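Geometric and topological summary
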Amino acid sequence: MEQYILSLDQGTSSSRAIVFDRKGQICSMAQREFTQYFPKPGWVEHNPHEIWSSQASVIAEAIAAIDINGLNIAGIGITNQRETTIVWDRETEEPVYNAIVWQDRRTSEYCDSLKAEGKTEWIREKTGLIIDAYFSATKIKWILDNVPGARERAEKGKLMFGTVDTWLIWRLTRGEVHVTDPSNASRTMLFNIRTLQWDEELLKLFDIPASMMPEVRSSSEVYGATKTTIFAHKVPIAGIAGDQQAALFGQMCVEPGSVKNTYGTGCFLLMNSGEKPIASKNNLLTTIAWKIGDKVNYALEGSIFVGGSVVQWLRDGLGIIRSSSEVEALASSVPDTGGVYFVPALTGLAAPHWDQYARGAISGISRGTTAAHIARAALEGIAYQTLDIVGAMQRDAGVSLVELKVDGGAARNDLLMQFQADLLATKVIRPRVTETTALGAAYLAGLAVGYWESVGEIRKQWQAEHIFEPAADRTQIAKAVAGWEDAVRRVLREKND
Ligand SMILES: Nc1ncnc2c1ncn2[C@@H]1O[C@H](COP(=O)(O)OP(=O)(O)O)[C@@H](O)[C@H]1O
Ligand SMILES: O=P(O)(O)OC[C@H](O)CO
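About the thresholds
- Residues numbered from 1 in each chain as written.
- Chains lettered and ligands numbered in written order.
- Predicted model: local features only at pLDDT ≥ 70, side-chain atom pairs only at ≥ 80, totals over all residues.
- Heavy atoms only, no water.
- Near = heavy atom within 4 Å.
- Polar contact = N/O pair within 3.5 Å; in protein donor to acceptor, adjacent residues only side chain to side chain.
- Areas by Shrake-Rupley, 256 points an atom, 1.4 Å probe, with all protein chains shown as cover.
- Nonpolar A, V, L, I, M, F, W, Y, C, P; charged D, E, K, R; others polar.
- Helix = DSSP H or I, 4+ residues; strand = E, 2+ residues; numbered from the N terminus.
- Pairing = 2+ DSSP bridges.
- Axes fitted to C-alpha atoms, helices over the stretch in contact; angles between N-to-C directions.
- Contact = heavy atoms within 4.5 Å.
- Buried < 20%, exposed > 50% of the residue type's maximum accessible area, 1.4 Å probe, protein only.
- Phe/Tyr/Trp six-rings, centres within 6.5 Å; stacked < 30°, edge-to-face > 60°.
- Lys NZ or Arg CZ within 6 Å of the ring centre and 35° of its normal.
- Core = buried A, V, L, I, M, F, W, Y, C linked by side-chain atoms within 4.5 Å.

Moving on: the site of ligand 2. Contacts to ligand 2 come from Gly 11, Thr 12, Gln 81, Arg 82, Glu 83, Trp 102, Tyr 134, Asp 243, Gln 244, Thr 265 and Phe 268. A distance of 3.0 Å separates an oxygen atom of ligand 2 from a polar atom in the side chain of Arg 82. At 3.5 Å from an oxygen atom of ligand 2 is found a side-chain nitrogen or oxygen belonging to Thr 265. If ligand 2 stood free it would expose 310 Å²; the protein chains cover 91% of that surface. Here the shell around ligand 2 is composed, by residue class, of three nonpolar, five polar and three charged.

Here you go:
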């Protein structure tokens, strides 16, 4: 009987299920968007039941599409939007509040107070993270402090916490398995990336009972078997990784120094830093890439909050395109931006500035400016932000970028990819399989159940689809970059106040 690996990719805007074969090729795929809730400015929530039901329905669709069942699935890999926080009742399985999404800024002021108390270096040393509302810890605290009765129930051991991986596995196993992996744990601001345990001092600081926390297992092992009715047979759940780390694995960036950038809703550039964490001096995050067996692999990460979502804003906010894919033709209809810069700080600026209160700006507008110039400046803004991250990473790691592997929805945009190569003066390489996030989780699961023997075996599967070579004049690029730096300076609130 033919065997496959099923990968579940639970992203910020959609849930995907992809069936891979032994060659790492996509055999079937189903995707479903779900509702985004914005109850107040800066707040972003998802309904945990909808996360589960959208995921469950795409699983059923993907396996039905190629007429297979649970017996054909050797293992399931899970990858997910990271940091997003769910708290639920141990007995009833009912979430006590909506999922608070990574983009949610409601705890910004509390984060300011932690910085004012001088906690920045202490937290960075333990977790590799910079104090920001982005991470799970302040979101869990907010739920316990604001949902009536939640803190009392948590203290009695009645509530559980999970990032989205943990929630999906809890649902898939019908409440039997409460686990996560170090790549997800390292995004909570509660996990000590050196001792590889939940940190008691951090749990105390954020007032979070240890009984809520999932067990942290490796990224590639059998955690349990499915008990849902989606599969008539039990299927082992065998791999977990946060989506950006899964993409690093799916791109086969397994050697120290290898780098990928994922252009999705946000952009996340990760460099494999091997078995030792590199402490960033340039405001990048130190994070865990994965743990396989007892070996932990670390990464340096530059997180950009607004990437492809600036294109969604051109569509939904400005109405100058009807679909994201139209942006390329519009931007290509002009030879350059005509001096326009678009700093897409729509939800603050993350690395390397970490300014929670910065907001977006379009500058350099003249009488001749058209929608096409703005569209082109929006795409270029994504690439300039990536340039800033690469600069910080090169200074941290003391090495120059040799090539950049890319993936994610906006990496389909050739104009953006060519501009990225021109800006970085380095090759930008797009792989044949661009669903690298799902592929990474499939690989982690497949390695655990012996579907693939070794990393060496799967490495051979990676193939380039297109290589963008840098071609632009360096003097012109230097001038353009100086203009970008000036535009960024104008939106930084902390420096302007
Ligand atoms: N041709 C394109 N050019 C630029 N951006 C695009 C293009 N196609 C899709 N996008 C953007 O890519 C994002 C979706 O990418 P995806 O990797 O599916 O994201 P996520 O995993 O965050 O849900 C959207 O923000 C969309 O606007
Ligand atoms: O859902 P994505 O692909 O936008 O990824 C979100 C990141 O994991 C947030 O840290």
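Near ligand 1, the surroundings consist of 16 residues, among which Ser 13, Thr 265, Gly 308, Ser 324 and Gly 409 are the closest. Within the backbone of Gly 409, a nitrogen or oxygen atom sits 2.9 Å from an oxygen atom of ligand 1. In the model, an oxygen atom of ligand 1 is placed 3.5 Å from a nitrogen or oxygen of the Ala 410 main chain. Tallying contributions element by element places helix H10 (residues 309-318) first for the shell around ligand 1, with three residues. Tallied by class, the residues present in the shell around ligand 1 amount to three nonpolar, eleven polar and two charged.

If you trace the six strands from one edge of the open sheet to the other, you get E3-E2-E1-E5-E14-E13, paired in mixed fashion. Since the sheet does not close on itself, it has two edges, and those belong to strand E3 (26-33) and strand E13 (220-225), each with one partner. The average angle at which neighbouring strand axes cross in this sheet is 25 degrees, direction not considered. Relative to strand E14 (residues 236-242), strand E5 (residues 73-80) is paired through five bridges, and the arrangement is parallel. If you follow Thr 79 over to E14, its bridge partner there is Ala 241. Lying on the sheet, helix H1 (residues 48-65) is in contact with strand E1 (4-10), strand E2 (14-20), E3 and E5; it crosses E2 at an angle near 30 degrees. Sitting on the sheet, helix H14 (residues 436-448) is in contact with E1, E2, E5, E13 and E14, with an inclination near 135 degrees to E1.

The next subject is the pairing of strand E16 (residues 267-274). Burial within E16 is extensive, with eight of its eight residues counted as buried. Neither face of E16 is exposed, since Cys 267, Leu 269, Met 271 and Ser 273 on one face and Phe 268, Leu 270, Asn 272 and Gly 274 on the opposite face are all buried. Where strand E15 (residues 259-263) meets E16, five bridges bridge the pair, whose relative direction is antiparallel. Bridge assignment links Tyr 263 to a residue of E16, and that residue is Cys 267. Where E15 hands over to E16, the hairpin turn is made up of three residues, counted between the paired strands.

The relation between two aromatic rings is expressed through the spacing of the ring centres and the mutual angle of the planes. Evaluated as defined, the whole model comprises 20 aromatic pairs. A centroid spacing of 5.8 Å and a plane angle of 70 degrees characterise the contact between Trp 102 and Phe 268, whose relative ring orientation is edge-to-face. Residue Trp 102 is located in the loop between strand E7 (99-100) and helix H2 (108-116), and its partner Phe 268 is located in strand E16; the two are separated by 166 residues in the primary sequence. In this pair, the class of Trp 102 matches that of Phe 268, namely buried. One aromatic cluster in this structure is built from Trp 102, Tyr 134, Phe 135, Phe 268, Phe 305 and Trp 354. The aromatic ring of Phe 268 is capped on one face by Arg 82, whose charged end is 5.2 Å from the ring centroid.

So, about the nonpolar core. With 130 residues, the main nonpolar core has Leu 190, Phe 206, Met 212, Phe 249, Tyr 263 and Leu 404 as its most contacted residues. By residue number, the principal contributor to this core is helix H12 (residues 371-397), which donates 13 residues. Once residues lying within four places of it in the same chain are set aside, the contact partners of Leu 404 are Val 259, Lys 260, Asn 261, Tyr 263, Leu 269, Gln 420, Leu 424, Lys 427, Val 428 and Ile 429. Core analysis: the next-biggest nonpolar cluster, separate from the first, contains 35 residues, Ala 56, Val 58, Ile 169 and Ile 237 among them.

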